[in-house]
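Structure assessment
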Amino acid sequence: GAGDAARAVADWRLAVWTLCSVLLPVLITAWCSFQRSRRQLLIRDIFRKSKHDWHYTDLFGQPSYCCVCAQHILRGAFCSCCGLRVCERCLKKADQRFLCKEIMMRGTAGAPSSMPHHWIRGNVPLCSCCMVCKQQCGTQPKLCDYRCVWCQYTVHDECMVDSLRTEDCTFGEFKDLIIPPYYLSAINQMRKEKRTSYEKVVPYCRKHWMPVMVLANTRSGNNMGEILLGEFKTLLNPVQVFDLSKIAPAKALQLCTWLPCNAVRVLVCGGDGTVGWVLDAIDEMKIKGQERYIPQVAILPLGTGNDLSNTLGWGAGYAGEVPVEQILRNVMEADGIKLDRWKVQVTNKGYYNLRKPKVFTMNNYFSIGPDALMALNFHAHREKTPSLFSSRIINKAVYFFYGTKDCLVQECKDLNKKVELELDGERIELPNLEGIIVLNIGYWGGGCRLWEGMGDEPYPLARHDDGLLEVVGVHGSFHCAQIQVKLANPVRLGQAHTVRLILKNSKMPMQVDGEPWAQGPCTVTITHKTRALMLYHSGEQTDDDDASSLSE
C-alpha cells in the first residue's frame, strides 16, 4: 500500500511538472505577445498624434544614437522630415522635447523674410564637413555634432557657438527650390486680407527662385516611392512633397496658386501612367482658368515601361543609384520643352446614338495587334497575382513569354483585312500586317527608337512637339522582338496630324499608353488635344542614338 501511494504521488508530481513545463512557455509567450501589441499600440498612438513624421525601423542603415538617452541603437523610430532618431523607450520624451520642421511659421508679427537655423544634435550624414572648421563631422562613435534641418549644414560640438544658434539660415544649396515657412505664413496672411500683390514677398521677388513640388506614387517601383518621399522631405519643406496614394494630383497642384507664375517645377516620381494622371490634373487647371500657374513637369521613372521619361532624358528606370541631391540638381538645370497630347476617341460600331464613345488621352502611343495583346495578357495575370509582379526582371520575362507564345499562335494575323487606315483623310493601302502602332514619342517598348529604326535609311528623328504622329506596322510578335534588338525595321506607313482607324467585323486587342483592352468593331479617331510643358534632361537616354534635337 505504501509503495502504491508513493508511486501515485510521483505520478501526480510528474503530471504537475509536465503541465507546468507545457503551460509556462505558453503563458510567457502570451504575456510577451500582449506586451508587444500594447507597446505597438502606444507607439502607433504617438505616431498618429505627433507633428513629426515618425517611422519605425528594425535596422538603421548607419550607426545611430538615440537623441534622448544617447545610447547606440540598432532599431527604433526616425522622423523622415527632421531626421531625429530615438529608441522605443525615449520616443514619447523625444516627441515632446524636439520640434519638427515647421512647414509654416506661426505667431510671428509682421512679414518676416528670414528664419534662424534649426539644429538637431547627432546622427549627421556620413562624410559631411563642419561649416566652421571644414573638418569631417560625425566621426566619433557617440551622439555628437549638429545638423540644420533646412540648409543641411553640419557643425562640430566644439565649433557650435551662440551666434550660430541665432544666425539666419540660408537654406543651403537648394534655396532656389525650397518654399520657406515664412513665405507661406506671409501669403496665408495676405489671402485672409484679400490681398494678391505677392511680388514684394521674399523669396517671390527673387529672380532665380523656382520652387519644386514632388508628387510620388508609392505604389510604383517596389517601395522606392516610399523611400523617396522621406528623402525629399528631409531636403525640402515637407509641404512640397505629396504622396499620390493619399492626395489626388489636382488637389496637390493647388499649391501652385500660392507661388510665382510660370516658375514652379513639378517632379513626378512614378511610371508613365502616373505622369499622365498629373498631366490630366494640369489640364483641369487650364479649364479652371489657372493657366498662368501651370508648372513644368520633370520625371523620376519608377516601375516598368517608362518610354516617356526615356524620351525626355530622365532614363528608363530609377532604382536608387543616383542620390536625391543630384536629382534635384538635374531638375534645376533641366530645359523647358513642349509635349503634344492627343485625344483618342473609340466609337463602337452600331451604337452611335445609344452609347457614349470612349475617350482617352494619349501621351506615348496607341496600338492594335501583338504588342497590345501582350499588354492585355500581362495585365490580366497581374490583376490575379499582383505580388508576383514587383520585379522589373519578372515583368520582362512575362512579356517575353507572351511574345513567344504569340509567335506560335498568331492571334492577330490578317489585320490588314480587318482594318482600314486613314492618315489626314487619305486612305492608306496596307501590306500584310499583324499590328499598327501610332507614336507620339521617340521611344517604344521599353527603350527602342521605333520610327528611326536601324540601317542606312535616312529617317529623321521623331519629335514630340511637332503636332505630327508617326504610324508604323509590324508583321507579328517575332518582328517586334527583331525591332527591339535592332535586327529589323518597322513598316513605316506615314506621318499625320489626324489618324482614323476602322475595325470592321472582329474583336482585337488595343492599348493606349500601356492600358490595354479587347475591342469589337469600332472607329478610332486620334486628334491633337493640347500641349504640356515638360522638362528635358540631356544625356540620360538608354539608347545610343543622339537625341539632342529633342531639346531644341
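Residues numbered from 1 in each chain as written. Predicted model: local features only at pLDDT ≥ 70, side-chain atom pairs only at ≥ 80, totals over all residues. Heavy atoms only, no water.

The protein chain is annotated in an unreviewed UniProt entry as Diacylglycerol kinase of Sinosuthora webbiana. In UniProt, the protein chain has this text filed under Sequence similarities (unreviewed entry): "Belongs to the eukaryotic diacylglycerol kinase family." (UniProt positions renumbered as here; feature names shortened; annotations may be inferred.)

Taken together, L19, L23 and L27 make up a surface patch of nonpolar side chains, about 300 Å² in accessible area. Mapped onto the secondary structure, L23 falls in helix α1 (residues 2-49). L23 sits in the partly exposed class, given a relative accessible area of 41%. (Patch = residues over 30% accessible without salt bridge, like charges linked within 9 Å, V, L, I, M, F, W, Y side chains within 5 Å. Areas by Shrake-Rupley, 256 points an atom, 1.4 Å probe, with all protein chains shown as cover. Salt bridge = Lys/Arg side-chain N within 4 Å of Asp/Glu carboxyl O. Helix = DSSP H or I, 4+ residues; strand = E, 2+ residues; numbered from the N terminus. Buried < 20%, exposed > 50% of the residue type's maximum accessible area, 1.4 Å probe, protein only.)

Further remarks concern unusual backbone geometry. Even without glycine at this site, A70 takes up a positive phi of about 65°. Within the secondary structure layout, A70 lies in the loop between β2 (64-65) and β3 (72-73). According to the relative accessible area criterion, A70 is partly exposed, its value standing at 35%. A positive phi angle is found at D145, which is not glycine, with a value near 70°. Along the chain, D145 turns up in the loop between β6 (119-121) and β7 (146-148). D145 gets classed as buried once you look at its relative accessible area, which sits at 2%.

So, on to the side chain of K101. Within the secondary structure, K101 sits in the loop between α2 (91-97) and β6. Within the structure, the side chain of K101 is placed 2.7 Å from the backbone oxygen of T234, a separation counted as a polar contact. A polar side-chain atom of K101 sits 2.7 Å from the main-chain carbonyl oxygen of L236. Setting aside anything within four residues of it in sequence, one finds K101 in contact with C81, C82, H118, V149, W150, K233, T234, L235, L236 and P238. (Polar contact = N/O pair within 3.5 Å; in protein donor to acceptor, adjacent residues only side chain to side chain. Contact = heavy atoms within 4.5 Å.)

Enumeration over the complete set of coordinates arrives at six aromatic pairs. On the numbers, 6.2 Å between centres and 65° between planes, the contact of F171 with Y182 is edge-to-face. Taken together, the residues span a long stretch of sequence, with F171 in the loop between α3 (162-166) and α4 (181-192) and Y182 in helix α4 at a distance of eleven residues. Across this residue pair, the class does not change: F171 and Y182 are buried. With a centroid separation of 5.0 Å and 70° between ring planes, the pair formed by Y183 and W209 is classed as edge-to-face. A residue pair is termed long-range when its members are at least 10 positions apart, and Y183 in helix α4 and W209 in the loop between α4 and β9 (212-216) qualify at 26 residues. Summarising the burial analysis for this pair, Y183 and W209 share the class buried. Here the aromatic cluster, defined as three or more aromatic residues joined through ring pairs, consists of W150, F171 and Y182. Sitting above the plane of the W150 ring, K101 keeps its charged end 4.8 Å from the centroid. (Phe/Tyr/Trp six-rings, centres within 6.5 Å; stacked < 30°, edge-to-face > 60°. Lys NZ or Arg CZ within 6 Å of the ring centre and 35° of its normal.)

Below, the discussion takes up the nonpolar core. Counting residues in each nonpolar core, the largest one holds 105 residues, and the members touching the most others are V86, F232 and M534. The two domains that each donate at least three residues to this core are domain 1 (44-101) and domain 2 (210-333). The contact partners of M534, leaving out residues within four places of it in the chain, are V275, L279, Q296, V297, I299, L312, D335, G336, I337 and L339. Within the second largest apolar cluster, 32 residues are counted, among which are W342, V344, V471 and L501. (Core = buried A, V, L, I, M, F, W, Y, C linked by side-chain atoms within 4.5 Å. Domains from an automatic or database assignment.)

Right, let's talk about helix α5 (residues 224-235) for a bit. A rise of 1.5 Å per residue sets the reference length of α5, with its twelve residues, at 16 Å; its end C-alpha atoms lie 17 Å apart and thus fit the reference within 8%. Considered for burial, the residues of α5 that qualify are M224, G225, L228, L229, G230, F232, K233 and L235. (Expected span 1.5 Å × (residues − 1).)

In this section: the UniProt feature "transmembrane region" (unreviewed entry) in the protein chain. Mapped onto this structure's residue numbering, the UniProt feature "transmembrane region" (unreviewed entry) falls at residues 14-34. In this annotation, residues 14-34 is assigned 100% helix and 0% strand; the end-to-end C-alpha distance for the span is 30 Å.

Secondary-structure assignment places P323 in the loop between α8 (307-311) and α9 (324-333). Along the backbone, P323 and L228 are 95 residues apart, and their C-alpha atoms lie at a distance of 9.9 Å.

Take the pattern of salt bridges next. Considering all chains together, one arrives at 14 salt bridges under this definition. We note a salt bridge from K233 to D53, for which the minimum N-O separation is 3.0 Å. Placement of the pair is K233 in helix α5 and D53 in the loop between α1 and β1 (54-57), with a sequence separation of 180 residues. By relative accessible area, K233 is classed as buried at 18%. The salt bridge partner of D283 is R341, with a shortest N-O separation of 2.4 Å. Of the two residues, D283 sits in helix α7 (residues 272-287) while R341 sits in strand β13 (residues 335-348), which places them 58 residues apart along the sequence. Each of the two residues, D283 as well as R341, counts as buried. Beyond isolated ion pairs, a larger network of salt bridges with shared partners links D280, D283, K286, R341 and K529.

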